[in-house]
Amino acid sequence: MHQYLLLSGRTSFGGMRFTDLRRLALDIEVVTTEGFEFPSSARPGDRIVAIALADSTDFRQVIRGDHLDEAALLEECVRIVRELDPDVIEGHNIFRFDLEYLEARARRHGVTLGWGRDGSALAGRPARLQIAERAIGYRRYEVAGRHIIDTWILAQLHDVGVRDLPGFGLKEIARHLGVAAPDRTYVDATTIPELFRDDPERLMAYALDDAVETLGVAGRLAPPVFAQAQLVPFDYQATALRGAAAKIDALMLRESLRLRHAVPLPGPPAPVGGGHVALFQQGVARTTLHVDVTSLYPSLMLAHGIAPVSDEAGIFLTLLRELTDRRVTAKRLARDASTALERQHHGALAQSFKILINAFYGYLAFSTGHWNDFAAADRVTTHGREVVTGIIDRLTALGCVSLEADTDGVYFVPPPDHRLDNDDTLLEQIAANLPDGIRLELDGRYVAFFSYKLKTYALLDERGRVTLKGSGFRSRGLEPFQRRLIEEIVRLLLESRGKEVRAVIDRWLEDFARRRVPARLFARTETLGDTLEAYREKIAAGVRSPAAAYELAAAAGRAWQPGDQISYYVAGRGVNVAVNEHARLLSEWSAERPDENVEYYQAKVAEIWARFRPFAEDGGLRPPLDDEPSPQLDLF
DNA sequence: GCTAGCTGATGCCCG
DNA sequence: AACGGGCATCAGCTAGCG
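From a predicted model like this one, the values you see are computed outputs, not experimental measurements.

### Here we look at the overall build of chain A
Part 1 of the argument: If you tally the helices and strands in chain A, you get 23 helices and 20 strands.
Part 2 of the argument: Put simply, chain A has 636 residues, and 49% of those count as buried.
Part 3 of the argument: In chain A, once contacts between residues fewer than 6 apart in sequence are set aside, the share between residues at least 24 apart is 69%.
Part 4 of the argument: A total of about 30000 Å² of accessible surface is found on chain A, and carbon and sulfur atoms cover 50% of it.

So, in C-alpha cells, the structure goes:
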C-alpha cells in the first residue's frame, strides 16, 4: 500500500507570482478520499489525502488574523505528512505555486517543513526545464524518501507530443482528458473571501474537486513516467523532470560501469543534416494515401549498425535492440491482457519504450552525452533522406502523384485506376526495393487532402473529420478566432465548397464591426521564454525588439519566470498600430467599454482571405510557385 | 516625409 | 539542456516614391 498526498489550491491567478505574501492567507483542510478508479500510479486500497490551500488577495481582511494561526497550520501539515508517510506527493502546479508558497510562509513563521522520511526539511532550489522549444523556470523541491510529482509539468510533457491541450489550468486539462469531477463545484476566484466567511463547506467542496481532478489527470499522464522509472536509473521524480537523452546517457553509463569500461568525454558539436522535406503540389486533392517508414531512424541505426564511435563495448545498439524487442512484447501483453489494470500497465510500458527508442537518434547529437557522435547522427539522416527520396521515385514510377514528403513519409494520390482493395498490392510495389530492415506502412487513407505549405496541411477522413497540421494552421501564437476561421475555411475547401469561403470572411468582418466577437477569441496567448533581466538586456543590446507580452508583464509590475503565459489583445485605432504600444491584458477588457481595435482585427481576417483566396477560387492542384505573388489585401 | 518590402528575432509546430 | 526544417508575426530598417 502506498500513501499519496495531494496538494491542491487556488492556483489560477494567470501565472501571477506572489511578491507580497502578506496579502495572502492559508487554510488547510484534510480530506481522505477513497475508492477512485485506479488514479495515477496509485493502486486501489492506497490512501489518498488532499491538503487544500485556499488563498485570496484580500483573504486577511476576512479572517482578521484571529481565526487562523498559520504557524500552527504549518506544524499541522508537518504532522500530517509524517503520520501518513506518503511515497508520492502530487499536485497541479505545486512546484511553481503551492510549495513555493508553503516554503515562504514557513520561513516567515520560523516553522521547519520537516516532511522527509528522516525528518529532514523540504528543500527547494531554482531549476530550469527544457521541453522542446519551451523553457520553464521553476523551483524544484525535493524531500528525502518521497517523490514530488507536478501534474502541470506532466501536462507540458504530454502536450509536446500531441499539442492538443486547450491550456494548462487544472480544470481545462481535466475536462479535456475526460476526468473532470462529476458535478464539480466551481468558484469565482474573486468571491473566495466571502465564500470562506459565509459558506466554507462550499469552498472545501471546491478544493476537494480540485484534488479529485488532479488525481484524474495524474491517472492519465503519470503511468508512462512511473513505468519509465522502472527502466532508467532515475527515481520517479527525476524521471518526470529529465529529458530523454539524459536517460539514454544514464542507461549507457550504468551498463558501461557494470562492464568496467572507461567512460568517454562528450565530443564537440558538428553540423547534422535534417530530414528530407518537399512540397510537390498545393491545393486540394481527393483520395490521398500516406505511407511512412516504421521507426525510420532506429531502424536505420540497427540496419546499418550506426553507433557512437566511442562505444567500444557495443552497448548502444544492444540497448536499442533490447528496448525494441521489449516494446513488441509489451504491446502484445497489453493487447492480450485480461484486466484493465494489466492492460494499462503494459500499455504504459510500451509507451515509455517507444519514447526511449525514439530518443536514441537524438542522443547521438546530444552535446553533453558521454557517447555522443555528431558524425554518426549525420549518417543516420543521410540514409533517411535516401530512403524517402527512393520512395518518392517509386511513387512517380508507379503513376502516383506525390503531394508532400516530410522526413519519413509521403502523402500522395494513387493512380486513377487504383481501388481500395488494391492498397496492399500498391504498398508492396512502393516498398519493393527498400533496404533490409526498413519497413513501409500504409498508415492513412483520406477522402481529401489540402496541401497548403510544407509541414502545413489538412486531412478529411471518410467519417467527415478534419485534422489540421502545421504551425500556420494551429499555432497558439495565432488568435483563437484565426484558428477558428482557418478551420472553417479549410473544411469548406476539403468539401469542395470553396465558393462559400467568401461568405465566412464577410461574416467575421461583420462580427468584428459589430463587436460581437468575444474577447477570448481575439486575445492572443503567448508564453514568456526569457526572464525580465534577459529581455531587458537583449533590448538594450539591440538584438531584439520590444514585444507586447513582455511589455505587459513588466508593466503589471509582477515578477514572472520562463513558462508563464500572458493573454492580451490590441486596442487603439487603425490597421498600422504598433502592437506593443497598444496591447492590453485580456483581463482588462470590459464588455461595457469594448476597446478592441476593430480595423486591426478586420485586417487579420482580410489577410486570411488573401492567403486562402487562390484555393477558394480554384479547387484543384498546382505545383507550388517559386516566388509567390504578394497577397493583395484589397477586399473589394 | 511616407510606405512597401526586406531582414532578423521570436514563438510555435512537424516528424 | 535530443535534432533540423518550416511558417506566421512583429519591429526596425531602407530603397524608392511623391
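There's plenty left to go through after this.
### Considerations on the protein's contact with DNA strand B
Part 1 of the argument: Near DNA strand B there are 22 residues, and of these R163, D408, K455, Y457 and Y550 occur at the shortest range.
Part 2 of the argument: For DNA strand B, the backbone portion of the atoms within 4 Å of the protein, that is sugar and phosphate, comes to 85%.
Part 3 of the argument: Between DNA strand B and the protein, one listed contact pairs a sugar or linking oxygen with a side-chain N or O atom of D408 at 2.4 Å.
Part 4 of the argument: A distance of 3.4 Å is found between a phosphate oxygen of DNA strand B and a side-chain nitrogen or oxygen belonging to K538.
Part 5 of the argument: A per-class count over the surface near DNA strand B returns three nonpolar, seven polar and 12 charged.

### Some points on the packing of helix 18 (residues 501-513) against helix 23 (residues 598-617)
Part 1 of the argument: Relative to each other, helix 18 and helix 23 sit at 175°, their axes nearing to 9 Å. In this view, helix 18 runs roughly antiparallel relative to helix 23, as classed from their interaxial angle. Here helix 18 contributes V501, R502, I505, W508, L509, F512 and A513 to the contact with helix 23, which in turn contributes V598, Y601, Q602, V605, W609 and A616.
Part 2 of the argument: In the contact of helix 18 with helix 23, the residues fall into 11 nonpolar, one polar and one charged.

### Things to note about helix 21 (residues 548-555)
Part 1 of the argument: Turning to helix 21, its buried residues are A548, A549, Y550, L552 and A553.
Part 2 of the argument: The inward-facing, buried residues of helix 21 contact strand 17 (524-527), helix 20 (532-541), strand 18 (565-570), helix 22 (579-582) and strand 19 (583-585).
Part 3 of the argument: Just beyond helix 21, the residue with positive phi is G557, at close to 65°.

### Observations concerning the nonpolar core
Side chains that are nonpolar tend, in soluble globular proteins, to be buried together.
Part 1 of the argument: Core analysis: the largest hydrophobic core is formed by 56 residues, its most contacted members being M301, F316 and I391.
Part 2 of the argument: Listed by contribution, the elements that provide at least two residues to this core are helix 10 (244-258), strand 10 (288-293), helix 11 (296-304), helix 12 (315-335), helix 13 (340-364), helix 14 (374-397), strand 12 (409-413) and helix 15 (423-430).
Part 3 of the argument: At 11 residues, helix 13 tops the list of elements feeding residues into this core.
Part 4 of the argument: Counting residues domain by domain, this core receives three or more from each of domain 1 (2-240) and domain 2 (243-460).
Part 5 of the argument: Discounting chain neighbours no more than four positions away, the residues touching F316 are M252, M301, I306, A307, P308, D311, F360, Y363 and L364.
Part 6 of the argument: I89, L102, A106 and V143 belong to the second largest nonpolar core, which has 44 residues in total.

### Brief notes about the side chain of T151
Part 1 of the argument: With respect to the element layout, T151 can be found in helix 4 (residues 151-162).
Part 2 of the argument: Looking at T151, the relative accessible area reads 0%, which means it is buried.
Part 3 of the argument: For T151, the side chain forms a polar contact with the side chain of H92, separated by 2.9 Å.
Part 4 of the argument: In this structure T151 touches G91, H92, T214, V217 and A218, once residues within four positions along its chain are discounted.

### Some details on unusual backbone geometry
Part 1 of the argument: Here S295, not a glycine, exhibits a phi torsion of approximately 40°, which is positive.
Part 2 of the argument: When you line up the elements, S295 lands in the loop between strand 10 and helix 11.
Part 3 of the argument: On the basis of relative accessible area, S295 is assigned to the partly exposed category, the value being 29%.
Part 4 of the argument: Residue S496 is not a glycine yet carries a positive backbone phi of 60°.
Part 5 of the argument: Assignment of secondary structure puts S496 in the loop between helix 17 (480-494) and helix 18.

### Comments concerning the protein's contact with DNA strand C
Part 1 of the argument: Residues in contact with DNA strand C amount to 30 residues; listed here are only the nearest, V272, K453, R524, N580 and Y600.
Part 2 of the argument: Of all atoms in DNA strand C that approach within 4 Å of the protein, 85% are sugar or phosphate atoms.
Part 3 of the argument: Separating a phosphate oxygen of DNA strand C from a side-chain N or O atom of Y452 is a distance of 3.0 Å.
Part 4 of the argument: With respect to DNA strand C, the backbone of V579 contributes an N or O atom lying 3.2 Å from a phosphate oxygen.
Part 5 of the argument: Those elements that provide at least two residues to the surface near DNA strand C are helix 10, strand 14 (448-453), helix 16 (471-474), helix 22 and helix 23.
Part 6 of the argument: Take the surface near DNA strand C: its biggest share by element is three residues, from helix 23.
Part 7 of the argument: Split by residue class, the surface near DNA strand C holds 13 nonpolar, 11 polar and six charged.

So, how was this worked out
- Residues numbered from 1 in each chain as written.
- Chains lettered and ligands numbered in written order.
- Predicted model: local features only at pLDDT ≥ 70, side-chain atom pairs only at ≥ 80, totals over all residues.
- Heavy atoms only, no water.
- Helix = DSSP H or I, 4+ residues; strand = E, 2+ residues; numbered from the N terminus.
- Buried < 20%, exposed > 50% of the residue type's maximum accessible area, 1.4 Å probe, protein only.
- Contact = heavy atoms within 4.5 Å.
- Areas by Shrake-Rupley, 256 points an atom, 1.4 Å probe, with all protein chains shown as cover.
- Near = heavy atom within 4 Å.
- Polar contact = N/O pair within 3.5 Å; in protein donor to acceptor, adjacent residues only side chain to side chain.
- Nonpolar A, V, L, I, M, F, W, Y, C, P; charged D, E, K, R; others polar.
- Axes fitted to C-alpha atoms, helices over the stretch in contact; angles between N-to-C directions.
- Parallel < 35°, antiparallel > 145°, perpendicular 65-115°, else oblique.
- Core = buried A, V, L, I, M, F, W, Y, C linked by side-chain atoms within 4.5 Å.
- Domains from an automatic or database assignment.

Functional significance is not addressed by these values, which are geometric in nature.
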